[in-house]
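A structural walkthrough
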Amino acid sequence: MTEERPPVCSYEGSDYQTSFWDQGGRAYEDRVEVIALERLMPAGGSLLLELGAGAGRNTPRYQGFERIVLLDYSRTQLCQARDRLGDTPKYIYVAADIYRLPFVPGLFDAATMIRTLHHMANPELALRQVRQTLQPGATFILEFANKHNIKAIVRYALRRQEWSPFSQEPVEFAELNFDFHPKAIRRWLGDNRFQIERQLTVSHFRIEWFKRHIPLEWLVRMDSLAQQTGNLWQLAPSVFVKAIAVGEGVTALEGAFFRCPECGHYPLQEAPAEVVCSSCGRIWPYQDGIYDFRG
Ligand SMILES: C[S@@+](CC[C@H](N)C(=O)[O-])C[C@H]1O[C@@H](n2cnc3c(N)ncnc32)[C@H](O)[C@@H]1O
């Protein structure tokens, strides 16, 4: 198990879903993300891992999957997701740190990570963790915030911004909020045995003036067209990547699901209100429909 524990951007108690999405004037961003996901997601599968699921805004968009694990570090975000989506066997709610994923290797046939990598101070470690949980051939849909976007390039050219959008290191524009260079993302994915199948650039018109003066339907249609240039160049503030897990990998041990994030042991013993690691003795609570592997 990794000893490294980079800091986590806390959403505990946050009203992110309401203030940012439901009442935040972001209908355009939401609509164009739906289009990108429809283009990239496999039609279906058996078990999907949604990393940084938040309040479950995107979860209903993955309906083709038999079961979905919603993983988030914030318990209150997961409570909101559970209240929206319901406590059905289709959804498994897991509070855990992406840097210490509590799953046996090779468990999932797909994973998504939308608007979450931008909180990762160590994105390579996060991607390595994700890859371990995936079967060979699994699909991974990753969204990242792109530092090499037109607005940043213009601002840099006009000397209104100090950091260069052309350099490959991440830029931390606010505490634990990072923009990444597409080349760096491609390199990290390749290093972790992901093969990129398709890239879509998204949210090209994420500028207040456009959103105020151009009808939503037009903006969405224009973005839908522009998304398709994503394999050629990436100049939009958001990029969606479809990658396939390639190379060596394990298929999960029959019947095993959780792995101890403390010592790496599996399988764990499940009791009604907890999950127990027989190797290190850690007890991970299961309360109100949420497994808790933090701590
Ligand atoms: C900007 S929200 C995005 C939520 C959702 N994916 C969406 O697009 O609506 C980022 C989410 O990532 C979660 N998060 C941040 N760092 C995390 C970590 N290290 N492990 C697990 N979740 C994390 C936060 O709690 C938050 O819910």
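Here the structure is a predicted model, which means the values were calculated and not measured.

The rules we used
- Residues numbered from 1 in each chain as written.
- Predicted model: local features only at pLDDT ≥ 70, side-chain atom pairs only at ≥ 80, totals over all residues.
- Heavy atoms only, no water.
- Helix = DSSP H or I, 4+ residues; strand = E, 2+ residues; numbered from the N terminus.
- Rg over C-alpha atoms; globule rule 2.2 N^0.38 Å.
- Buried < 20%, exposed > 50% of the residue type's maximum accessible area, 1.4 Å probe, protein only.
- Near = heavy atom within 4 Å.
- Polar contact = N/O pair within 3.5 Å; in protein donor to acceptor, adjacent residues only side chain to side chain.
- 1 Å grid on protein atoms, 1.4 Å probe; cavity = no way out; pocket = protein on both sides within 12 Å on 5 of 7 lines; lining within 4 Å.
- Points joined across faces, edges and corners; volume = space filled by probe spheres on them.
- Nonpolar A, V, L, I, M, F, W, Y, C, P; charged D, E, K, R; others polar.
- Pairing = 2+ DSSP bridges.
- Axes fitted to C-alpha atoms, helices over the stretch in contact; angles between N-to-C directions.
- Contact = heavy atoms within 4.5 Å.
- Left-handed = near helix turned anticlockwise from the far one by under 90°.
- Disulfide = S-S within 2.5 Å.
- Core = buried A, V, L, I, M, F, W, Y, C linked by side-chain atoms within 4.5 Å.
- Patch = residues over 30% accessible without salt bridge, like charges linked within 9 Å, V, L, I, M, F, W, Y side chains within 5 Å.
- Areas by Shrake-Rupley, 256 points an atom, 1.4 Å probe, with all protein chains shown as cover.
- Salt bridge = Lys/Arg side-chain N within 4 Å of Asp/Glu carboxyl O.
- Phe/Tyr/Trp six-rings, centres within 6.5 Å; stacked < 30°, edge-to-face > 60°.
- Lys NZ or Arg CZ within 6 Å of the ring centre and 35° of its normal.

1. Things to note about the overall build of the protein chain
- Within the protein chain, the regular secondary structure consists of eight helices and 13 strands.
- In terms of overall size, the protein chain behaves like a compact globule, its C-alpha atoms giving a radius of gyration of 19 Å where 295 residues would be expected to give roughly 19 Å.
- Each principal axis of the C-alpha distribution contributes one length, and for the protein chain these read about 60 × 35 × 35 Å.
- Expressed as a percentage of the 295 residues in the protein chain, the buried residues total 52%.

2. Looking at the site of the ligand
- Lining the immediate environment of the ligand, one finds 22 residues, of which Gly52, Arg57, Asp72, Asp97 and Ile114 sit closest.
- Between isoleucine 98 and the ligand, the recorded distance is 3.0 Å, taken from a backbone N or O atom to a nitrogen atom.
- At 2.8 Å from a nitrogen atom of the ligand is found a main-chain nitrogen or oxygen belonging to isoleucine 114.

3. A short note on the layout of surface pockets
- Of the pockets and cavities examined, the second largest pocket occupies roughly 150 Å³.
- In this structure, the second largest pocket is lined by Ser46, Leu47, Arg67, Gly106, Leu107, Gln135, Thr251, Ala252, Glu254 and Phe257.
- Here the lining of the second largest pocket is built from residues that sort into four nonpolar, four polar and two charged.

4. Comments concerning the sheet that holds strand 13 (residues 290-292)
- Sheet architecture is open: 11 strands sit in the order 8-9-5-4-1-2-3-13-12-11-10, paired in mixed fashion. Looking at strand neighbours, the two that pair on one side only are strand 8 (194-202) and strand 10 (269-271), the edges of this open sheet. Pairwise comparison of adjacent strand axes, ignoring direction, gives a mean angle of 20° for this sheet.
- Here strand 2 (residues 65-72) runs beside strand 3 (residues 91-95); their pairing, made up of five bridges, is parallel. From the neighbouring strand, aspartate 72 faces strand 3, where its bridge partner is alanine 95.

5. Here's the deal with helix 3 (residues 75-85)
- Within the sequence span of helix 3, burial applies to Arg75, Gln77, Leu78, Cys79, Ala81, Arg82 and Leu85.
- Here the buried face of helix 3 lies against helix 1 (16-22), strand 2, strand 3, strand 12 (283-287) and strand 13.
- Glycine 86 occupies a position one or two residues after helix 3 and carries a positive phi of about 100°.

6. Observations concerning the packing of helix 2 (residues 27-40) against helix 8 (residues 216-227)
- At a minimum axis separation of 10 Å, helix 2 and helix 8 run at an interaxial angle of 35°. Crossing geometry of helix 2 relative to helix 8 is assigned as right-handed. Note on element contacts: helix 8 touches helix 2 through Leu216, Glu217, Leu219, Val220, Asp223, Ser224 and Gln227, opposite Ala27, Tyr28, Arg31, Val32, Ile35, Ala36 and Arg39.

7. Describing the environment of phenylalanine 108
- One can find phenylalanine 108 in strand 4 (residues 108-113).
- Linking phenylalanine 108 and phenylalanine 257, residues 149 residues apart in sequence, is a C-alpha distance of 9.8 Å.

8. Quick notes on the state of the cysteines
- On inspection of all chains with the given rule, the structure shows zero disulfides.
- Here cysteine 9 is not disulfide-linked; the sulfur of cysteine 79 is the nearest cysteine sulfur, at 18 Å.
- With a relative accessible area of 21%, cysteine 9 lands in the partly exposed category.
- The thiol of cysteine 260 is unpaired, and the distance to the nearest cysteine sulfur, on cysteine 280, comes to 3.6 Å.
- Overall, the relative accessible area of 0% leaves cysteine 260 in the buried class.

9. Regarding the nonpolar core
- Core analysis: the biggest nonpolar cluster contains 50 residues, and Leu51, Val94, Phe103 and Phe140 have the highest contact counts within it.
- Elements that contribute at least two residues to this core include exactly strand 1 (45-51), strand 2, strand 3, strand 4, helix 4 (123-133), strand 5 (134-145), helix 6 (182-191) and strand 9 (238-245).
- Per-element accounting of this core gives the leading share, five residues, to strand 5.
- Not counting chain neighbours up to four residues away, the residues in contact with phenylalanine 103 comprise Leu49, Val69, Leu71, Val94, Phe108, Thr133, Phe257, Phe258 and Arg259.

10. Section: a nonpolar patch on the surface
- A surface patch of nonpolar side chains, amounting to about 280 Å² of accessible area, comprises Ile150, Val154 and Leu158.
- Mapped onto the secondary structure, valine 154 falls in helix 5 (residues 150-157).

11. Considering the packing of aromatic side chains
- Here the structure, examined in full by the defined rule, presents 18 aromatic pairs.
- On the numbers, 6.1 Å between centres and 85° between planes, the contact of phenylalanine 103 with phenylalanine 257 is edge-to-face. A residue pair is termed long-range when its members are at least 10 positions apart, and phenylalanine 103 in the loop between strand 3 and strand 4 and phenylalanine 257 in the loop between strand 9 and strand 10 qualify at 154 residues. By the burial criterion, phenylalanine 103 is buried, and phenylalanine 257 matches it.
- Geometrically, the ring pair formed by tryptophan 284 and phenylalanine 293 is tilted, given 5.6 Å between the ring centres and 40° between the ring planes.
- Residue classification places phenylalanine 293 among the buried positions, given a relative accessible area of 2%.
- One aromatic cluster in this structure is built from Phe103, Phe108, Phe257, Phe258, Trp284, Tyr286, Tyr291 and Phe293.
- The aromatic ring of tryptophan 21 is capped on one face by arginine 57, whose charged end is 3.6 Å from the ring centroid.
- The residue whose ring lies beneath arginine 282 is tryptophan 284, and the NZ or CZ to ring-centre distance is 4.2 Å.

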